[in-house]
Amino acid sequence: MDGVATEPLLEIVTGHQWAPGGYAWIFPKDGDYAEVGLGVIRTQTDRDARWHLNHFIENAFLKDRFADMRILEIQGGGVPLASPLKKQVADNLILVGDAARHVNPVTGGGIHTALRSGVIAGHFLGDLLKAGRTPTAANLGGYQEIWEAEMGKSMWQLYRHKREIFRNRDLDVRNKLLYGILSRYFSPESEYRKV
Ligand SMILES: Cc1cc2nc3c(=O)[nH]c(=O)nc-3n(C[C@H](O)[C@H](O)[C@H](O)COP(=O)(O)OP(=O)(O)OC[C@H]3O[C@@H](n4cnc5c(N)ncnc54)[C@H](O)[C@@H]3O)c2cc1C
């Protein structure tokens, strides 16, 4: 969108009434140009993400900031919010990114994790081939061990937090827990920085 009053920071809005299971965002790009969007968990709502986005833009407490907005482009898609795949290699194959569910299960962010996993996989394969070894599933198992140590541990931890939050049937409690984990996640001192 352009014509949006932005702040020089990432703005994230949680709450089941706006984004069931997820959050809405305003990411400032340049001047009054911003990416405005939201993510929802499909099983937590009967409506689609587009409906929730319109609802947010028209009714949220910051709706005045969208009064002069112009939609320039619309994008949408799905991200796997499950746990990482338990087995990410096979003969001649290493999965990275969404294909391996390398997506932060709380934020839905998967760009950094896909890129970082690709780098780990590339280095591992380079060393394997240079050593004259073949990329069988057994030989590629070492990639997954490195991945688990560098990234998997935190992703599994986030996944467990997410399950605990959504096991809760009380929406107020769930809203508070989701707000808590997201605000901790995006804090500059976050233990999850760069996950
Ligand atoms: C609306 C939306 C907003 C998002 N916002 C963020 C964000 O702000 N920050 C963040 O970190 N993450 C975000 N994500 C998640 C992030 O985009 C993905 O996790 C990330 O792009 C995954 O990278 P990938 O390379 O694994 O997969 P992709 O980016 O999906 O790349 C896969 C590529 O493979 C191609 N392909 C598929 N099938 C074939 C085939 N048979 N042959 C050849 N090519 C094929 C596809 O066309 C695509 O180009 C967002 C996702 C969505 C849907």
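Residues numbered from 1 in each chain as written. Predicted model: local features only at pLDDT ≥ 70, side-chain atom pairs only at ≥ 80, totals over all residues. Heavy atoms only, no water.

**What about the overall build of the chain?**
Heads up, the condition is: Going along the chain from the N terminus, every DSSP run of H or I of four or more residues is numbered as a helix, and every run of E of two or more is numbered as a strand. By definition, residues are in contact when any of their heavy atoms lie within 4.5 Å. Here, Shrake-Rupley sampling with a 1.4 Å probe gives the accessible areas, and only protein chains in the shown set may cover a residue. The charge count includes Lys and Arg as positive and Asp and Glu as negative, but it does not include His or the ends of the chains. The atoms used to mark charge sites are NZ of Lys, CZ of Arg, CG of Asp and CD of Glu.
In terms of helices and strands, the chain carries four helices and five strands. Each helix (α) and strand (β) of the chain, taken in turn from the N terminus, gives the series β-β-β-α-β-β-α-α-α. Each of the three principal axes of the chain carries a C-alpha extent, and together these read 65 × 40 × 35 Å. Partitioning the contacts of the chain with sequence separation of at least 6, the portion at a separation of at least 24 is 57%. A total of about 11,600 Å² of accessible surface is found on the chain, and carbon and sulfur atoms cover 52% of it. Between the averaged position of the 24 positive side-chain charges in the chain and that of its 23 negative side-chain charges there is a distance of 8 Å.

**Examining the sheet that holds strand E1 (residues 11-13)**
Strand pairs in the sheet, formed through backbone hydrogen bonds, run parallel or antiparallel to each other. What counts here: Two strands form a pair only when DSSP identifies at least two bridges running between them. Between N-to-C directions, angles span 0 to 180 degrees; the directions come from axes that are lines fitted to C-alpha atoms, helices contributing only their stretch in contact.
Pairing within the open sheet is antiparallel, and its three strands lie in the order E1-E2-E3. Only two strands of the sheet have a single neighbouring strand rather than two, namely E1 and strand E3 (33-39). Averaged over all neighbouring strand pairs, the angle between strand axes comes to 15°, with direction disregarded. Two strands pair when backbone bridges link them, and strand E2 (residues 23-30) and E3 are joined in this way by seven bridges, in the antiparallel orientation. Bridging from a neighbouring strand, Trp25 pairs with Gly37 of E3. Across the face of the sheet, helix H1 (residues 49-59) comes into contact with E1, E2 and E3 while running at roughly 125° to E3.

**Regarding the side chain of Asp2**
To keep it simple, the criterion reads: For every residue, the accessible area (1.4 Å probe, protein chains only) is compared with the maximum for its type, and the residue is labelled buried under 20%, exposed over 50%, or partly exposed between those bounds. As used in this structure description, the phrase polar contact means that two N or O atoms lie within 3.5 Å; if the pair is within protein, one of them must be able to donate a hydrogen and the other to accept it, and residues adjacent in sequence are counted only when both atoms belong to side chains.
Relative to the helices and strands, Asp2 is located in the segment before E1. Judged by its relative accessible area of 18%, Asp2 falls in the buried class. Within the structure, Asp2 has its side chain in polar contact with the side chain of Arg70 (distance 2.8 Å). Setting aside residues up to four positions removed in sequence, Asp2 forms contacts with Asp32, Tyr33, Asp68, Met69, Arg70 and Leu72.

**A word on the packing of helix H2 (residues 111-130) against helix H3 (residues 137-167)**
Threshold: Between 65 and 115 degrees an angle is taken as roughly perpendicular, under 35 as roughly parallel, over 145 as roughly antiparallel, and anywhere else as oblique. Each crossing is labelled by how the near helix is turned from the far one, with a counterclockwise turn of less than a right angle marking it left-handed and a clockwise turn marking it right-handed. Under this grouping Gly is polar, as are all residues other than the nonpolar Ala, Val, Leu, Ile, Met, Phe, Trp, Tyr, Cys and Pro and the charged Asp, Glu, Lys and Arg.
In the contact formed by H2 and H3, the axes pass within 10 Å of each other and the chain directions differ by 155°. Here H2 lies roughly antiparallel to H3, going by the angle between them. Crossing hand, H2 versus H3: right-handed. For the pair formed by H2 and H3, the contact residues are Thr113, Arg116, Ser117, Ile120, Ala121, Phe124, Leu125 and Leu128 on the first element and Asn139, Leu140, Gly142, Tyr143, Ile146, Trp147, Glu150, Met151 and Met155 on the second. Each residue belonging to the contact of H2 with H3 can be placed in one class, and the counts come to eleven nonpolar, four polar and two charged.

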